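# Structure at a glance
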Amino acid sequence: MKREMNEQSNNMETNNKTIIQSVIDFIFGHKYYINIVNTRGTTKCEASSFIFRSREEAKAHRNILAQTRTYIHVETVSFRSYREYGK
């Protein structure tokens, strides 16, 4: 019985975090990441054509860019939007 109550309280905590995150997303918008890249040999910097839902996805893309000879990763930028991308 006590174990069930602990599991329920743990579930409530995770549900509260989800509700809080949902409220933050509703007020401020969803958080996304985009990589800024530089074309090698030029001074042209631009946003890559991919929008990522997590910093880990953006980091994986940055690692792929490091293997190419065309682009140099400049930075990863986070932004918020009310529009849902990648759903």
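The sections below set out a description of the structure shown in this document.

Taken together, Lys-31, Arg-55, Lys-59 and Arg-62 make up a surface patch of like positive charges. For the positive patch, the element with the highest residue contribution is helix α2 (residues 55-66), accounting for 3 residues. Within the fold, Lys-59 resides in helix α2. Given a relative accessible area of 47%, Lys-59 falls into the partly exposed group.

A few words now on the pairing of strand β1 (residues 30-39). Along β1, 9 of the 10 residues are buried, which leaves the element largely enclosed by surrounding structure. Sheet topology places β1 next to strand β3 (residues 71-81); 10 bridges connect them, and they run antiparallel. Paired with Thr-39 across the bridge in β3 is Tyr-71. When β1 meets strand β2 (residues 45-47), the two strands line up antiparallel, connected through 3 bridges. Note that in β2 the partner of Ile-36 across the bridge is Ala-47. Two successive antiparallel strands, β1 and β2, enclose a turn made up of 5 residues, where Gly-41 displays a positive phi of approximately 85°.

Sheet architecture is open: 3 strands sit in the order β2-β1-β3, paired in antiparallel fashion. Strands with a single pairing partner mark the edges of an open sheet, and in this sheet they are β2 and β3. Taking the axes of each pair of neighbouring strands and ignoring which way they run, one obtains an average angle of 25° across the sheet.

Turning to a nonpolar patch on the surface, a few remarks are in order. A cluster of nonpolar residues, Ile-19, Val-23, Phe-26, Ile-27 and Phe-28, forms a patch on the protein surface that exposes about 550 Å² of accessible area. With respect to the helices and strands, Ile-27 occurs in helix α1 (residues 2-28).

Reading the values: rules and limits
In this convention, every chain numbers its residues from 1, walking through the sequence in written order. In keeping with the model being predicted, local features are shown solely for residues with a pLDDT of at least 70 and side-chain atom pairs are shown and tallied solely at 80 or more, while totals for entire chains, interfaces and linings include all residues. For the side-chain quantities, the full set of heavy atoms in the structure was used; hydrogens and water were omitted. Patches here are clusters of residues that have more than 30% relative accessible area and form no salt bridge, with a 9 Å joining cutoff for like charges and a 5 Å cutoff for nonpolar side chains (Val, Leu, Ile, Met, Phe, Trp, Tyr). All accessible areas in this document rest on Shrake-Rupley with a 1.4 Å probe, and a residue is counted as covered only by the protein chains that are shown. What counts as a salt bridge is simple: a side-chain nitrogen of Lys or Arg found within 4 Å of a carboxyl oxygen of Asp or Glu. Residues scored as positive are Lys and Arg, those scored as negative are Asp and Glu, and His as well as the terminal groups of each chain are ignored. A single reference atom marks each charge: NZ on Lys, CZ on Arg, CG on Asp, CD on Glu. Helix numbers and strand numbers start at the N terminus; a helix is a DSSP run of H or I with at least 4 residues, a strand a run of E with at least 2. For every residue, the accessible area obtained with a 1.4 Å probe (protein chains only) is divided by the maximum for its type, and the residue is called buried under 20%, exposed over 50%, and partly exposed between those limits. DSSP bridges decide pairing: two strands pair if at least two such bridges lie between them. Lines fitted to the C-alpha atoms define the axes, with helices restricted to the stretch that makes contact. Angles between their N-to-C directions range from 0 to 180 degrees.

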